[in-house]
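Now for the letters of each chain:
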There are 4 protein chains.
Amino acid sequence: MKFNVFTQMEYVVRAPGTLILNIHALRTPNQTVLNEEFTVDPYVKIEEIISAQGENRLMRFEVYQPGTIKVTYNALVDNFYELTDYSQQQETLVAQLDSSVLPYLNPSRYCQSDKLYRLSHNLFGHITNPFEKVVTLTDWIHNNVQYLSGYSNSQTSAFDTVTEQVGVCRDFAHLGIALCRALTIPARYFTGYAYHLYPADFHACFEAYLGGKWILFDATKLVPLNGLIKIATGRDAADTAIANIFGDVTFTAMQVSCELAPDEHNFEPVYYIHGGYNGLSYL
Amino acid sequence: MKFNVFTQMEYVVRAPGTLILNIHALRTPNQTVLNEEFTVDPYVKIEEIISAQGENRLMRFEVYQPGTIKVTYNALVDNFYELTDYSQQQETLVAQLDSSVLPYLNPSRYCQSDKLYRLSHNLFGHITNPFEKVVTLTDWIHNNVQYLSGYSNSQTSAFDTVTEQVGVCRDFAHLGIALCRALTIPARYFTGYAYHLYPADFHACFEAYLGGKWILFDATKLVPLNGLIKIATGRDAADTAIANIFGDVTFTAMQVSCELAPDEHNFEPVYYIHGGYNGLSYL
Amino acid sequence: MKFNVFTQMEYVVRAPGTLILNIHALRTPNQTVLNEEFTVDPYVKIEEIISAQGENRLMRFEVYQPGTIKVTYNALVDNFYELTDYSQQQETLVAQLDSSVLPYLNPSRYCQSDKLYRLSHNLFGHITNPFEKVVTLTDWIHNNVQYLSGYSNSQTSAFDTVTEQVGVCRDFAHLGIALCRALTIPARYFTGYAYHLYPADFHACFEAYLGGKWILFDATKLVPLNGLIKIATGRDAADTAIANIFGDVTFTAMQVSCELAPDEHNFEPVYYIHGGYNGLSYL
Amino acid sequence: MKFNVFTQMEYVVRAPGTLILNIHALRTPNQTVLNEEFTVDPYVKIEEIISAQGENRLMRFEVYQPGTIKVTYNALVDNFYELTDYSQQQETLVAQLDSSVLPYLNPSRYCQSDKLYRLSHNLFGHITNPFEKVVTLTDWIHNNVQYLSGYSNSQTSAFDTVTEQVGVCRDFAHLGIALCRALTIPARYFTGYAYHLYPADFHACFEAYLGGKWILFDATKLVPLNGLIKIATGRDAADTAIANIFGDVTFTAMQVSCELAPDEHNFEPVYYIHGGYNGLSYL
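Thresholds, definitions, all that
- The numbering scheme is per chain: residues are counted from 1 as the chain's sequence reads.
- Whichever chain is written first becomes A and whichever ligand is written first becomes 1, with later ones labelled in order.
- Local features in this predicted model are restricted to residues whose pLDDT is 70 or higher, and side-chain atom pairs enter the listing and the counts only when it is 80 or higher, whereas totals over whole chains, interfaces and linings include all residues.
- Computation of side-chain values covers all heavy atoms of the structure but excludes hydrogens and water.
- Strands here mean DSSP runs of E at least two residues long; helices mean DSSP runs of H or I at least four residues long; both are numbered from the N terminus.
- Only protein chains enter the area calculation, which uses a 1.4 Å probe; residues under 20% of their type maximum are buried, those over 50% are exposed, and those in between are partly exposed.
- The definition of a polar contact used here is a pair of N or O atoms within 3.5 Å, where within protein one atom must be able to donate a hydrogen and the other to accept one, and adjacent residues in sequence count solely through side-chain atom pairs.
- Between two residues, a contact is recorded if the distance between any of their heavy atoms is within 4.5 Å.
- One bridge is not enough; two strands pair if DSSP finds at least two bridges between them.
- Axis definition: a line fit to C-alpha positions, over the contact stretch in the case of helices; interaxial angles, taken between N-to-C directions, run 0 to 180 degrees.
- Where each domain starts and ends follows an automatic or database-derived domain assignment.
- Buried surface area refers to the total accessible area, computed with a probe of radius 1.4 Å, that the two partners give up upon joining, counted for both partners together.
- In superposing the copies, a least-squares fit is computed on C-alpha atoms, taking residues whose pLDDT is at least 70 in both.
- UniProt positions are given in the numbering used here, feature names are shortened, and annotations may be inferred rather than shown by experiment.
- Throughout, the arc means the angular range of directions from the helix axis out to the C-beta atoms.

Some points on the side chain of Thr7(C)
All names here are of chain C. Residue position: Thr7 is located in strand 1 (residues 2-13). Residue classification places Thr7 among the buried positions, given a relative accessible area of 1%. A distance of 2.6 Å separates the side chain of Thr7 from the side chain of Tyr193, its partner in a polar contact. Sequence-distant contacts of Thr7, that is, excluding residues within four places in its chain, are made with Ile23, Val71, Thr72, Tyr73, Tyr193, Phe202, Gln255 and Val256.

Given below as structure tokens:
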């Protein structure tokens, strides 16, 4: 299904510096960037960096002149998702896990799974179907953590959120990842554009590795799972920051949007339903 | 220079499980494994996993039978180091950093560089030569953190150590990494065998990316920098654990050694000296 | 009921210092110290400090001579407890709380109730009877936190324990206190001698202020509630340390015991039973 | 010297609740409240609570009616300070400390002195004069911590601030207290009205117990030490909150002022000067 995604960000430059932006739609077998346009005004030379494992597409550029710069990104993206039936899914032994996903079992800056081992096992260890396990922990986050902005910040981690029980999409995702890893389920952070997110913004959720596929989960339940355009995946938000700024440059304003392409009409929202076993994956 | 390295570890298995060991000498352009032997007794089938970026060589195997297992690793390794003169080194702009090292600027589980930004800049921001910067912060750790075991544990992070000022090699390395990243210097964890380490054990230190090379630093100053055999590098200890154990399997005993090969005689220990500018790198 | 309590502790003195011990049975309207003996060998002059609110009896003394000192405390103590029926208890408004207990609503070093507000309300906020509320949270701790030594230390706080779900009596008490305060129920730390505690040791639990009385709760459920001899109460373990040591003095050995007096025969253990409403208080 | 102090605070009440305000000037031997007026509009019945040790004067009242309430406090206060020469001051042994100040050696919610022991000794342990020790640590905070609002919050503690090196007066005070206690110097939080504070607000600093007196220190250096009207002292901000709110009541607006009384003319600001040994104490 095709979506038009759009970002515009403004920065004030006071001294020369470097920006690394992470706002481009990823190119994957299941996500085609039909066309895109990226401009920085005033003009600068841009370097595109595609990470070794293809988890993100970074745009790096230097800014020299004091003043305001405006960054605009516009793309038409066709994404395609698959549904997989997990009703008969067995637990995957670590011995059988694809070796490329092993790093996603490790604790990371915002997902201290090593500290959540007992809690995660106490709450979810008895569930044998791994899809049901992750659905249940996602529901548990949804039911126990209050979605409120202003109560968490860029240093808030899953270890905080599990007790403080308040946060935004980033915090919900970190907690989901930490609980999964504590259960020996590889999990990673997903950042993207989201259709039907109000107010419009970038969105974060997470993917768990189940039966050989990265399946999408969103503890916020704010948007349909099939309306997401992937920007990046990573261990957590430390790997997938929208912008990394080096130098005396300040972020001042942002607009984001994600709309159905004009020739698309039949968007049928997909949410996981209670008792269901269909997992959604992009790529 | 050639070293014989050796590890023997014992585990008690109570129920079937999986072990992932990270004790093999890495194969790199500057480190040749001349011969090696790895046995698990009783015999099990071993899978060797070489990570995509070549940061480690993991051995994964399943254990089924309750009882004791003994793991033995033995290798003759020839390592080769380079010294680089950094006396004229300029700061590398982020815009010019090799894109593959960008992830080593991100905060990680044990290296919360995002929280040490002001402290690192207050203490070391005025030093312009980047080699001198890292030498100085390494000395600062050495002078302010007491090397004592029993005061830190597997959850201790750089954010703890910078204030509690006590720990072991792992904690010294994490703090070094966090301070570097806070200064926009890519840094990674290094684990290996160490010649002249008493009591014999695995050792941890860190590498900082300076002028296009990964340069070795060791805030413990316990061993000569040129007597290390690299096992793995990673973002921090979460990526480079000696053993990851899944299942009811318990570690019970370990021996480690690292000796000069019999035909080597002229080991000249290299330490950084005050006011020097020669950085040591493997690979 | 009368109990013989006993402690013997040994310290090695390397340089002059001061010790403040908190091991004496408290004298309260409901706890009579029939006789007691306290000796420090070699002899030193002891100062007894009774805190302004009567929460503890500290013994302060200086040690000068390098060598070993042995501290012995022996007492015959008659304690008396009351049972109060809370089946009809209403919540006490803060406006009606005795002003002397207000400080026990504040967060403290090991009981960060300010961070557990949402969690405590989500789990226990719906229970209207305040006794039932505290019994339920005590049971929740008992069922979710594993009693194991070696997993927590002197810096572990309720904020850690609520997620890590492992600890000793001290950690169980801190978590109980934090959850109570988060529910606007004053709560304090209780340290004492405990009959039927195996292995023998000092014990910690907590008191919640309900309907004008300090009622005893013990989430470890290791000992009968009516076999405790109170040493001290305080905001948390920071206020009630068994020993505060200033100087180069090291603790080396300890014995503790708490036995029924020879002329007592009919000890009927009291535990809170499921669905019961009788709260036990000393003093 | 006489000061007019004034506060006006507005709250929106949505459901019945209780407020405990801590905004009254304390009455002490050195601080005389010549006249004062406290009104809550609409009228409610107020209970004044004076804490057992005289550390604060709390006003407790219930609010019933949904709507806005306005609290106004107005007082003319005469404070008197003493200067004590500490140039010959020896360290006070714990054995000689007044027993009433021992609790101010304990770690508390925001002042985890137990974690700052090594750091504090490394930085300040070599200084023998205790006044100079506290002046030096106050200067160290002033020079290393940036005064900026928006970077800390109500959960920020000394353990955070010592590394993050940014905060407001509350954070500066907590760090000062924690460093003192780690050096076995009793220290407590001081909250008050401050002359010459711009923008006008409540202020926080700390007192250290030196040679039998509570001496005032302010690491922010924002105001003269002799222009403070004491509201309360306590272990840290947990004990001395301006307002504790129970129920669905929200703080909406505040004004604070502290002016010299019209008949006072010769205010000579007192700050500690480099190399000086005069400590200022109220009471």
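On we go from here.
Regarding the sheet that holds strand 10 (residues 187-194) of chain A
All names here are of chain A. In space, the 4 strands of this open sheet follow the order 12-11-10-13, with antiparallel pairing throughout. Among the strands making up the open sheet, the edge pair consists of strand 12 (213-217) and strand 13 (228-234). Sheet twist, expressed as the average angle between the axes of neighbouring strands with direction ignored, equals 40 degrees. One ladder, built from 5 bridges, connects strand 11 (residues 202-210) with strand 12; its direction is antiparallel. Directly across from Glu207, in strand 12, lies its bridge partner Leu216. Where helix 2 (residues 130-144) meets the sheet, its contacts fall on strand 11 and strand 12, and the angle it forms with strand 11 comes to roughly 150 degrees. Strands in contact with helix 4 (residues 169-182) are strand 10 and strand 11; relative to strand 11, the strand with the most contacts, it is inclined by about 10 degrees.

Some points on the side chain of Arg235(C)
Inspection of the secondary structure assignment puts Arg235(C) in the loop between strand 13 (228-234) and strand 14 (243-246). Residues contacting Arg235(C), with those up to four places away along its chain left out, are Pro103(C), Tyr104(C), Ser108(C), Cys111(C), Ile177(C), Arg181(C), Tyr189(C), Arg235(D) and Asp239(D).

Overview of the domain arrangement of chain A
All names here are of chain A. Looking at the assigned domains, one finds that chain A contains domain 1 (2-80 + 241-260) and domain 2 (81-228 + 271-282). Taking only C-alpha atoms into account, the centre of domain 1 sits 26 Å from that of domain 2. Both sides of the domain 1 and domain 2 interface together cover about 1300 Å² of buried area, and 62% of this is carbon and sulfur. The largest contributions to the domain 1 side of the interface with domain 2 come from Phe80, Val256 and Cys258, which together make up 35% of the buried area.

A short note on the relation of the copies chain A and chain B
Under the fitted operation, chain A is carried onto chain B by 0.0 Å of movement along the axis and a turn of 180 degrees, and the coordinates agree to an RMSD of 0.0 Å. With respect to symmetry, the two chain copies, as superposed, fit the operation of a two-fold axis. Identified as the residue of chain A closest to the rotation axis by C-alpha distance is Arg109(A), at 1.9 Å. Mapped onto chain B, 100% of the interface residues of chain A again fall at the interface, so both copies present the same surface.

Things to note about the UniProt feature "domain: Transglutaminase-like" (unreviewed entry) in chain A
The residues that UniProt annotates with the feature "domain: Transglutaminase-like" (unreviewed entry) are residues 161-221 of chain A. Across residues 161-221 of chain A, helical content stands at 30% and strand content at 39%; the span's end C-alpha atoms are separated by 17 Å.

A few points about helix 1 (residues 117-124) of chain A
Within helix 1 of chain A, burial applies to Leu119(A), Ser120(A) and Phe124(A). What you see down the axis of helix 1 of chain A is that its buried residues fit within an arc of 95 degrees, all on one side. Buried residues belonging to helix 1 of chain A abut helix 2, helix 3 (158-164) and helix 4 of chain A together with helix 3 (158-164) of chain C.

Structural notes on the pairing of strand 5 (residues 57-63) of chain A
Residues and elements named next belong to chain A. Where burial is concerned, most of strand 5 is hidden: 6 out of the 7 residues are buried. Alignment of strand 2 (residues 17-21) against strand 5, held across 5 bridges, turns out to be antiparallel. Bridge pairing in strand 5 links Leu19 to Phe61. Adjacent in sequence and paired antiparallel, strand 4 (residues 47-50) and strand 5 are bridged by 6 residues, among which Gly54 carries a positive phi angle near 75 degrees.

Here we look at the sheet that holds strand 14 (residues 243-246) of chain B
Residues and elements named next belong to chain B. An order of 4-5-2-14 is seen for the 4 strands of this open sheet, with the pairing classed as antiparallel. The sheet is open, and its two borders are formed by strand 4 (47-50) and strand 14, each paired with just one other strand. Put simply, the sheet's adjacent strands are angled 20 degrees from each other on average, direction ignored. Summarising the sheet, strand 4 and strand 5 (residues 57-63) pair through 4 bridges and their orientation is antiparallel. From the neighbouring strand, Glu48 faces strand 5, where its bridge partner is Met59.

Concerning unusual backbone geometry
Looking along the chain, the bond that leaves Tyr198(B) and enters Pro199(B) is cis, with omega of -10 degrees. Of note in this structure, Thr184(A) is not a glycine but carries a positive phi near 60 degrees. In this fold, Thr184(A) is placed in the loop between helix 4 and strand 10. For Thr184(A), a relative accessible area of 25% puts it in the partly exposed group. At Lys221(A), a position not held by glycine, the phi torsion is positive, near 55 degrees.

Digging into the environment of Leu210(A)
All names here are of chain A. Its place among the elements puts Leu210 in strand 11. On the basis of relative accessibility, which here comes to 3%, the residue Leu210 falls in the buried class. Sequence separation between Leu210 and Thr92 is 118 residues; the distance between their C-alpha atoms is 7.7 Å.

A word on the relation of the copies chain D and chain C
Mapping chain D onto chain C calls for a rotation angle of 180 degrees and an axial translation of 0.0 Å; the resulting RMSD is 0.0 Å. A high fraction, 100%, of the interface residues of chain D reappear at the interface in chain C, so the copies pair face to face through one surface.

Looking at the interface of chain D and chain C
With 32 residues of chain D at the interface, the matching set in chain C holds 32 residues. A combined buried area of about 2500 Å² lies between chain D and chain C, and 52% of that area is made up of carbon and sulfur atoms. Of all residues in chain D, Arg60(D), Ala95(D) and Arg109(D) give up the largest surface area on contact with chain C, accounting jointly for 22% of the area buried on that side. Our enumeration of links across chain D and chain C arrives at 12 residue pairs in polar contact (both at pLDDT 80 or more). At the level of secondary structure, the elements contributing two or more residues to the side of chain D that touches chain C comprise strand 2 (17-21), strand 4 (47-50) and strand 5 (57-63) of chain D. In terms of residue count, strand 5 of chain D provides more of the side of chain D that touches chain C than any other element does, 3 residues in total.

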